[in-house]
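In case you want the letters, here they are:
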Amino acid sequence: MSVMTIDQIVNEANLPRLPDSAMRLIAVINDPNSGMNDIIETIRFDQTITAELLRRANAADIGAGRSITTLDDAVRVLGTGRVMRIAMAAQTPTELMKAQEGYGLSPGELWRHSVGVALMAQLLGRKLGVGNQGVLFTAGLLHDVGKTLLNTHMRKEYAHIVKLVADRKTTFLEAEQEALGFSHPEVGARLCEKWGLPDVIVRAIRYHHEPDALTEPDETVDLTHVANVICRVMGVGGGDEGLLVRANADVVSRYGLKESLFESLGAEMVMELKSIQKVFTGTGEAPDAR
Amino acid sequence: MADKVVDIADLAVTDDHDSTLVTYSLGSCIGVAIWDPVARVGGLLHYMLPEGAISPEKAKSNPAMFCDTGVPQLFRAAYKLGADKKRLIVKVAGGSQLLDNNGAFNIGKRNYLALRKIFWKNGVMIDGEHVGGSISRTVRLNVADGKFLIKTREGEATL
């Protein structure tokens, strides 16, 4: 059993808070009254994102034979959905890029999984006509952020956890809970509370493995849960937690989800993930291939 | 030794004896490795879904995503490098299932059945396999000797 308390872990976390520009972007995306102009204003002063959007827009616009020089034109060419994904993915905490050995995650794998879940949650939301696209993306992107705080502790307990999982056919989360006394969803939720993120996102992080722990169903929680499961099934960056999760039957039936839907959306998610990886690494391979 | 990474929904073939083909994190997806000991040609496919019929346009633009379009493409690419069907040694890994899938996620099983079907139709035998369970696998094919290495949380195996 770990001797650290969850409060100590969250309070003493040596994790830089999200960049201010990311915080502003999350706030804008979460505000139902904000539009594309507000998003442009938020990223206008970020040179990395601006440069990336211009590069992408010019690449996309080769056929038209013109050169795009302003952020506004770039946004028009790329469309709001793509702009938001590029901007958010660029704002990802750098910790998500690092290896998390305690979870069997190689460098870049947690980032890949996080972006995959973010894309999948959005695709599900769009298909089912529920939730807010920006909120779903952010919730997906941050759902496993707690793993970055628990990594060191998990490394110490690694052998114990692998044995628990093998002997008892338990989920990775249950093994984590037993070995440490708490688990990554709760730690991630506390961290995001500390960062002052909106409740809807904190809730999705806290309950992404246990949507039925809520008395009232929550769409963002439900879709983050399903998106996480689908990414794991598709082998998108699951690490050692891999397929050792439970799919909640109530959520599956609540939305009448069929395997054929998972397949077609899963295929779309993987294609989009590959194109986003290309933006960040230039290769289309996972960031660790750099 | 050069490691060539095969991404999800992708494939690679090579006649470079010094190279290793590797694919990470096979969940319900399946990795198919083929190797010709005479031509010393190796190939590795990482497909994610059983049938391209779910999205004909993706099956066309990205055949390695599906079993029924990816497997023929893998074999054809190996033939181009001088591999012979009669000599090919075929090894398979992946096809895991969720620990608790509530009947909604059987993709791993269906991925494996689709492979058995296409192999049976084409008279291809599987020489070694490491499939099923709820485990994530990373696999490597050594083109020099055809060794197929499987790495999981629980350890390593060679087929």
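Residues numbered from 1 in each chain as written. Chains lettered and ligands numbered in written order. Predicted model: local features only at pLDDT ≥ 70, side-chain atom pairs only at ≥ 80, totals over all residues. Heavy atoms only, no water.

## Looking at the overall build of chain A
Inference 1: From N to C terminus, chain A includes 15 helices and 0 strands.
Inference 2: Looking at chain A alone, contacts between residues at least 24 apart form 67% of all its contacts between residues at least 6 apart. (Helix = DSSP H or I, 4+ residues; strand = E, 2+ residues; numbered from the N terminus. Contact = heavy atoms within 4.5 Å.)

## Here we look at the pattern of salt bridges
Inference 1: With the rule as written, the count across this model stands at 22 salt bridges over all chains.
Inference 2: Note that Asp222(A) is salt-bridged to Arg254(A), the shortest N-O span being 3.1 Å. With Asp222(A) in helix H13 (residues 219-233) and Arg254(A) in helix H14 (residues 249-254), the pair connects residues that are 32 residues apart, well separated along the chain.
Inference 3: The salt bridge involving Asp3(B) is made with Arg140(B); its shortest N-O contact spans 3.5 Å. Taken together, the residues span a long stretch of sequence, with Asp3(B) in strand S1 (residues 3-5) and Arg140(B) in strand S8 (residues 137-142) at a distance of 137 residues.
Inference 4: Taking the relative accessible area as the measure of exposure, Asp3(B) reaches 41% and is therefore partly exposed. (Salt bridge = Lys/Arg side-chain N within 4 Å of Asp/Glu carboxyl O. Buried < 20%, exposed > 50% of the residue type's maximum accessible area, 1.4 Å probe, protein only.)

## A word on the side chain of Arg232(A)
Inference 1: Topologically, Arg232(A) is positioned in helix H13.
Inference 2: Here the side chain of Arg232(A) touches Glu241(A) through a polar contact of 3.1 Å, side chain to side chain.
Inference 3: The contacts of Arg232(A), once residues within four sequence positions are left out, are His113(A), Asp144(A), Lys147(A), Gly238(A), Glu241(A), Gly242(A), Leu243(A), Val245(A) and Gly27(B). (Polar contact = N/O pair within 3.5 Å; in protein donor to acceptor, adjacent residues only side chain to side chain.)

## Structural notes on the domain arrangement of chain A
Residue and element names in this part refer to chain A.
Inference 1: One can read the domain layout of chain A as domain 1 (18-91) and domain 2 (96-290).
Inference 2: Across the boundary between the two partners, domain 1 contributes 14 residues, which contact 22 residues of domain 2.
Inference 3: Buried area between domain 1 and domain 2, summed over both chains or domains, comes out near 1500 Å², and the portion from carbon and sulfur atoms is 68%.
Inference 4: If you look at where domain 1 meets domain 2, you find 0 salt bridges.
Inference 5: Counting across the domain 1 and domain 2 interface gives 0 residue pairs in polar contact (both at pLDDT 80 or more).
Inference 6: Within the residue set of the side of domain 1 that touches domain 2, elements represented by two or more residues are helix H2 (20-30), helix H4 (47-60) and helix H6 (80-90).
Inference 7: Broken down by element, the residue count for the side of domain 1 that touches domain 2 peaks at 6 residues, all from H6. (Domains from an automatic or database assignment. Buried area = accessible area lost by both parts, 1.4 Å probe.)

## Examining helix H7 (residues 109-128) of chain A
All names here are of chain A.
Inference 1: The terminal C-alpha atoms of H7, which comprises 20 residues, lie 28 Å apart, in line with the 28 Å expected from a rise of 1.5 Å per residue.
Inference 2: Burial of H7 is extensive: 17 of the 20 residues sit out of reach of the surface.
Inference 3: Immediately downstream of H7, the backbone of glycine 129 shows phi near 65°, a positive value. (Expected span 1.5 Å × (residues − 1).)

## Describing the sheet that holds strand S2 (residues 10-14) of chain B
Residues and elements named next belong to chain B.
Inference 1: The 5 strands lie next to each other as S2-S5-S4-S6-S7, forming an open sheet whose pairing is mixed. The outermost strands of the open sheet, each flanked by one partner alone, are S2 and strand S7 (128-131). Geometrically, the sheet is characterised by an average inter-axis angle of 10° between neighbouring strands, direction not taken into account.
Inference 2: Relative to strand S5 (residues 41-47), strand S4 (residues 30-36) runs antiparallel, the two being bridged by 7 bridges. Paired with valine 32 across the two strands is leucine 45, which belongs to S5.
Inference 3: Sheet contacts for helix H3 (residues 107-121): S4, S5, strand S6 (89-94) and S7; angle to S4, the most-contacted strand, approximately 30°. (Pairing = 2+ DSSP bridges. Axes fitted to C-alpha atoms, helices over the stretch in contact; angles between N-to-C directions.)

## As for the environment of Ala2(B)
All names here are of chain B.
Inference 1: Tracing the sequence through the fold places alanine 2 in the segment before S1.
Inference 2: Taking C-alpha positions, alanine 2 is 9.3 Å from aspartate 16, a pair spaced 14 residues apart along the chain.
Inference 3: Excluding its chain neighbours within four sequence positions, the residues that come into contact with alanine 2 are Asp18, Ser19 and Thr20.

## Let's talk about unusual backbone geometry
In terms of backbone geometry, most residues other than glycine have negative phi values and most peptide bonds are trans.
All names here are of chain B.
Inference 1: The residue alanine 9 is not glycine, and still its phi comes out positive at about 60°.
Inference 2: You can see alanine 9 is positioned in the loop between S1 and S2.
Inference 3: A relative accessible area of 0% places alanine 9 in the buried class.
Inference 4: With a phi close to 50°, arginine 40 is a non-glycine residue in the positive phi region.
Inference 5: For arginine 40, the location among the structural elements is in the loop between S4 and S5.

## Concerning the nonpolar core
Soluble, globular proteins show a tendency: their nonpolar side chains are buried together.
Inference 1: Ranked by size, the top nonpolar core spans 114 residues in total, and within it Ile43(A), Leu53(A), Met269(A) and Met48(B) carry the most contacts.
Inference 2: The greatest single-element share of this core, amounting to 10 residues, is contributed by H7(A).
Inference 3: Lining this core are residues from two domains, each supplying at least three of them: domain 1 (18-91) and domain 2 (96-290) of chain A.
Inference 4: Once you skip the residues sitting within four places of it in the chain, Leu53(A) turns out to touch Ile43(A), Leu71(A), Ala74(A), Leu78(A), Val83(A) and Ile86(A). (Core = buried A, V, L, I, M, F, W, Y, C linked by side-chain atoms within 4.5 Å.)

## Section: the interface of chain B and chain A
Reports often express the size of an interface as the amount of accessible area lost when the parts come together.
Inference 1: Opposite the 33 residues of chain B that make contact, chain A presents 42 residues.
Inference 2: Across the chain B to chain A interface the summed buried area is about 3100 Å²; carbon plus sulfur atoms make up 63%.
Inference 3: Interface area lost by chain B to chain A is led by Leu99(B), Phe105(B) and Arg153(B), which between them contribute 23%.
Inference 4: Counting every contact that joins chain B to chain A gives 3 salt bridges.
Inference 5: A salt bridge links Arg110(B) to Glu259(A); the shortest N-O distance between them is 2.5 Å.
Inference 6: In this structure, the connection of chain B to chain A is made through 10 residue pairs in polar contact (both at pLDDT 80 or more).

## Remarks on the sheet that holds strand S3 (residues 20-26) of chain B
All names here are of chain B.
Inference 1: Ordered by their spatial adjacency, 5 strands build an open sheet running S1-S3-S8-S9-S10, and the pairing between neighbours is mixed. Each of the sheet's edge strands pairs with one partner strand only, and the pair in question is S1 and strand S10 (155-158). Mean inter-strand twist for the sheet, computed between neighbouring axes without regard to direction, equals 20°.
Inference 2: Here S8 pairs with strand S9 (residues 148-152) via 4 bridges, running antiparallel. Note on S9: the bridge partner recorded for valine 139 is isoleucine 150.

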